[in-house]
Every structure is written in C-alpha cells, then in structure tokens.
Amino acid sequence: MANFNRTNYGQGSTFESTDKELYLNIAKEVKKFPAPRMELVKRIGSFDQPVVSHKIEWSLKDNRPVRAKLAVAAGSGATTFVVDTPGVFNVDDLIQLPGGQQHIVTAVSGGTQLTTRIWAGSNEATDIGDTIIRVGGATAQGKDADDMVKHGYQDLYNYTSILEDVVNLSGTAHNALIRGEENSRQLSARKLQELQEVWQTQMIFGIRQKDDVTKTTTNGGIKFLIDEYASANAVDFGGSATWSGSGSAGPQGKVDRLLGKIAVKAFEKPVLYMGAGFMEKFKYLMSDTIRTEQENDTRGIGVVGTYLSHVFGKVKIVLIQERTGYMNDLVLAIDESMVGQKAHRGRDWQTYPLGRRGDSFQWQVLSERTIKIDNPQACGYLYNLDAANPDLA
C-alpha cells in the first residue's frame, strides 16, 4: 500500500498540526484588540488589587473633611463648640467661624465637642447650622504629637462577569486559519470585538447581581456604582427645555452643575463621556466654553474636544460611538484615576479549544472581568438629556 506522506510528496497538511499549534494560532488572532467603538475600554486602566474570586471588596477611605456644622449655638467670645460630624477636627487645628474669627483647637471630646482658644479676629456669636472650617494648623514648637483623627470609612464591593462566545469553523476554514488566510483571522477578531463592545456597555450599565442557584454573577457598572454609593451625583439635565435655556438653566449650566458635584472628591480632572446624540446638539451651541479640536484653517464646526469649566478649567470630552443607544440619555463625568477594570487572575481574554465536531472545529473566546471605583463620589452623570441619536431610533 502506498505511503502518502509529506516525505514522499513534500505536501503540507493541517492534519500534521498538533493541538497545541492549532490553539496557539487561534489565540494569536484573538488577542488582537480592535479599536473602533472601544474608547472606554481603551482609556480605563487596571488596578493593583488582584481579582481572585467572583467578588472584589475595597474600602472607601476618603480624605479628612474640612467642614462641619454647629449642632449647638454659641455666644460671642465662646471657646466651646459642638459640631454635627465627628472626625473632622483635631487638636492644634486652626478653625474659622463664619464671621472670620479664628480659633486654635486645644481639646476634642467625643469627636464633636471642641475646646478652643481665640487666636485672631473679633468675637462673634454663632447659631445652629453655621459652618466651621479648618483653615490651617497651629502647633507650638516642641509640643508632643497628638492622637490621629479617626473617621469612618465605607466598604464597597462588586462582582465579576463572564463574557464568552464561540468560534466555529468548518474543516476547510480551519485549514485556512492554519495557513493564515484573511477570512479566518477576521472571524476570530470579530468575535473578540463583539465581546469587547458588550463589555464596554457592561462597564457602564451593568447591574451588580448574584444568583447562588445558577452560580451566576454580573458586575455593577459605573452608573450602578454611582447610584449605589453617590446618588446625589446624578444630575437631571432637564429635558428639551434646557437646550433653549441660558445661564444655570441652560446646557452649560447643567454640565457645570455636574462637575461641581464631583469637584471636592476628584483627585484629577474628570473626563466627560457622551454619546453621538448629545454631541450633535452640544457642538452647535457655539459657546466659548465649548472648544473643538479642529485646526484654525478648518471650515465648519468640528467635534467638541474640550469644555471650559469654572471648577476644573479645560475638561476633555470623549465621544463613545456605540450601536445600542445606551448613551442617548447619559453623559458621564469620570475621574479616570479612580476607575479601573481588571480580569480575574488567569481569566483575561483567552481561547479554549472545544474539540472537533464532524467537519468543524470550535474554540471558546472567554474572559471574566470586573470594574472598581475607588471613590464613586468622584464620578457623576447627567440624565434626561432629550438627545437621542436619530440613527439609533
């Protein structure tokens, strides 16, 4: 019987490829990350904390506050004050009353009762609800150190989501993949692009949920985490009437309101993420606060690139091109230094061979991922925009 092998005929065949070779070939193609419509996925980085389970937990430890309101009225020349919030003031803090008089804190009892001595300014009476602020420190030379101020923190958590799809190739297409034909590379890359597109949507609109029976979890997205931990940062844009308004009642006023909400908590300048429908209306306002990225000799109106805010200065604007319409009613303001995405350990985008079924070969494209916001109060969003993208209606 004739021996039809490559030694006799010099003919290569995919049948001579090992399973390892087939796996590496498809994996190489799948790990190409397509760029279109992936702005959020590309911009949001990772975080240091390892993801080793279906649940990730972290603590929100904010900076010590600098303001508190009086819980009890105090007369002119008083040196004892009771505030409504513990953990704000410490010994040797320099505090200021509403009228400008400054005191040095000499003792703190129970976190809320302050004993002070008058340092500068004229005596003044204070009332319940008046605000006292910490304006500096006044520690005497050679003085022993005081105890650390302790203030509460909040535990936050999220779950992971598993995203998967299957690449199914006929025997012929499978052989073409080994030979490096374009059609099979496009197929595997498209599967990944679809999954990344879905993941970008889930990064924003995912709802944190767990089902013990089916062992299924889904991550909470950026909007969910804001709603859960910083609900006051959801700002009503006001619908169609706002587009014809001016000042604080107009579009710029609403954007300023959103940025003002997060200004105290943000570590870095936030980024505004908006959909095409909002961008289409926003760019025609022709306000000096709205800047495009076009060159001076470019004719027409360019896509908005930055917004001039009174609290942050120039704020970058990023357009999210998406096909579902989920950004029709949302503008996000995100301190990107606070937000991270990460795969479960060993569960980044990978392919797993599922074996051969008849004249077809299958691989599973899979990743398990989650997101984290160190401090959700550094993020917020506008809603009720009346800015639907007509192409997605």
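Below or above, wherever it landed, is the structure these notes cover.

## Considering the sheet that holds strand S5 (residues 102–109)
Next, step 1: Across the sheet, which stays open at both edges, the six strands sit in the order S2-S7-S4-S5-S6-S3 with antiparallel pairing between neighbours. One side of each edge strand has no neighbouring strand; the edge strands of this open sheet are strand S2 (67–69) and strand S3 (80–82). In this sheet, adjacent strand axes meet at a mean angle of 40 degrees when their direction is disregarded.
Next, step 2: In terms of strand pairing, S3 meets strand S6 (residues 113–120) through three bridges, oriented antiparallel. Bridging from a neighbouring strand, Thr80 pairs with Thr115 of S6.

## Side note on the side chain of Asn219
Next, step 1: The topology assignment puts Asn219 in the loop between strand S11 (216–218) and helix H6 (222–229).
Next, step 2: There is a polar contact of 3.3 Å between the side chain of Asn219 and the side chain of Gln202.

## Regarding the pattern of salt bridges
Next, step 1: Tallied over the full model, the rule gives 14 salt bridges.
Next, step 2: Here Lys42 and Glu39 are joined by a salt bridge, their closest N and O atoms 3.7 Å apart. With a gap of three residues between them, Lys42 and Glu39 both fall in helix H3 (residues 39–43), about one helical turn apart.
Next, step 3: Lys143 serves as the salt-bridge partner of Asp92, at 3.2 Å between the closest nitrogen and oxygen. Highlighted residues: Asp92 in the loop between S3 and strand S4 (93–96) and Lys143 in the loop between strand S7 (131–137) and strand S8 (154–159), separated in sequence by 51 residues.
Next, step 4: Accessibility expressed as a relative area gives 9% for Asp92, which makes it buried.
Next, step 5: The exposure class assigned to Lys143 is partly exposed, which follows from its relative accessible area of 38%.

## Details of the nonpolar core
Next, step 1: Of all hydrophobic cores here, the largest spans 63 residues; its most connected members are Ile222, Leu272, Tyr273 and Phe278.
Next, step 2: By size, the runner-up hydrophobic cluster in this structure holds 13 residues, among which are Ala68, Leu70, Ala74 and Ile95.

## Side note on the environment of Arg64
Next, step 1: Tracing the chain through its elements places Arg64 in the loop between strand S1 (55–60) and S2.
Next, step 2: Here the alpha-carbon distance between Arg64 and Gly87, two residues 23 residues apart in the chain, equals 7.4 Å.
Next, step 3: Engagement of the side chain of Arg64 in a polar contact is seen with the backbone oxygen of Val88, the distance being 2.7 Å.

## A word on the packing of aromatic side chains
Next, step 1: Across all of its chains, the model carries eight aromatic pairs by this definition.
Next, step 2: Taking 5.2 Å as the distance between ring centres and 55 degrees as the angle between the ring planes, the aromatic pair formed by Trp243 and Phe278 counts as tilted. Of this pair, Trp243 sits in helix H7 (residues 240–243) while Phe278 is found in helix H9 (residues 276–282), placing the two residues 35 residues apart along the sequence.
Next, step 3: You can call Trp243 buried: its relative accessible area is 15%.
Next, step 4: Considering the side-chain rings of Phe282 and Tyr307, the 6.1 Å spacing of their centres and the 35 degrees angle between planes classify their relative orientation as tilted. Taken as a pair, Phe282 in helix H9 and Tyr307 in strand S15 (residues 304–309) lie far apart in primary sequence, 25 residues in all.
Next, step 5: The structure contains a cluster of three or more aromatic residues connected by ring pairs, namely Phe237, Trp243, Phe278, Phe282 and Tyr307.
Next, step 6: Against the face of Tyr157 rests Lys55, its NZ or CZ located 4.6 Å from the ring centre.
Next, step 7: The positively charged end of Arg208 is found above the aromatic ring belonging to Tyr157, 3.7 Å away from the centroid.

Thresholds applied
Residues numbered from 1 in each chain as written. Predicted model: local features only at pLDDT ≥ 70, side-chain atom pairs only at ≥ 80, totals over all residues. Heavy atoms only, no water. Pairing = 2+ DSSP bridges. Helix = DSSP H or I, 4+ residues; strand = E, 2+ residues; numbered from the N terminus. Axes fitted to C-alpha atoms, helices over the stretch in contact; angles between N-to-C directions. Polar contact = N/O pair within 3.5 Å; in protein donor to acceptor, adjacent residues only side chain to side chain. Salt bridge = Lys/Arg side-chain N within 4 Å of Asp/Glu carboxyl O. Buried < 20%, exposed > 50% of the residue type's maximum accessible area, 1.4 Å probe, protein only. Core = buried A, V, L, I, M, F, W, Y, C linked by side-chain atoms within 4.5 Å. Phe/Tyr/Trp six-rings, centres within 6.5 Å; stacked < 30°, edge-to-face > 60°. Lys NZ or Arg CZ within 6 Å of the ring centre and 35° of its normal.

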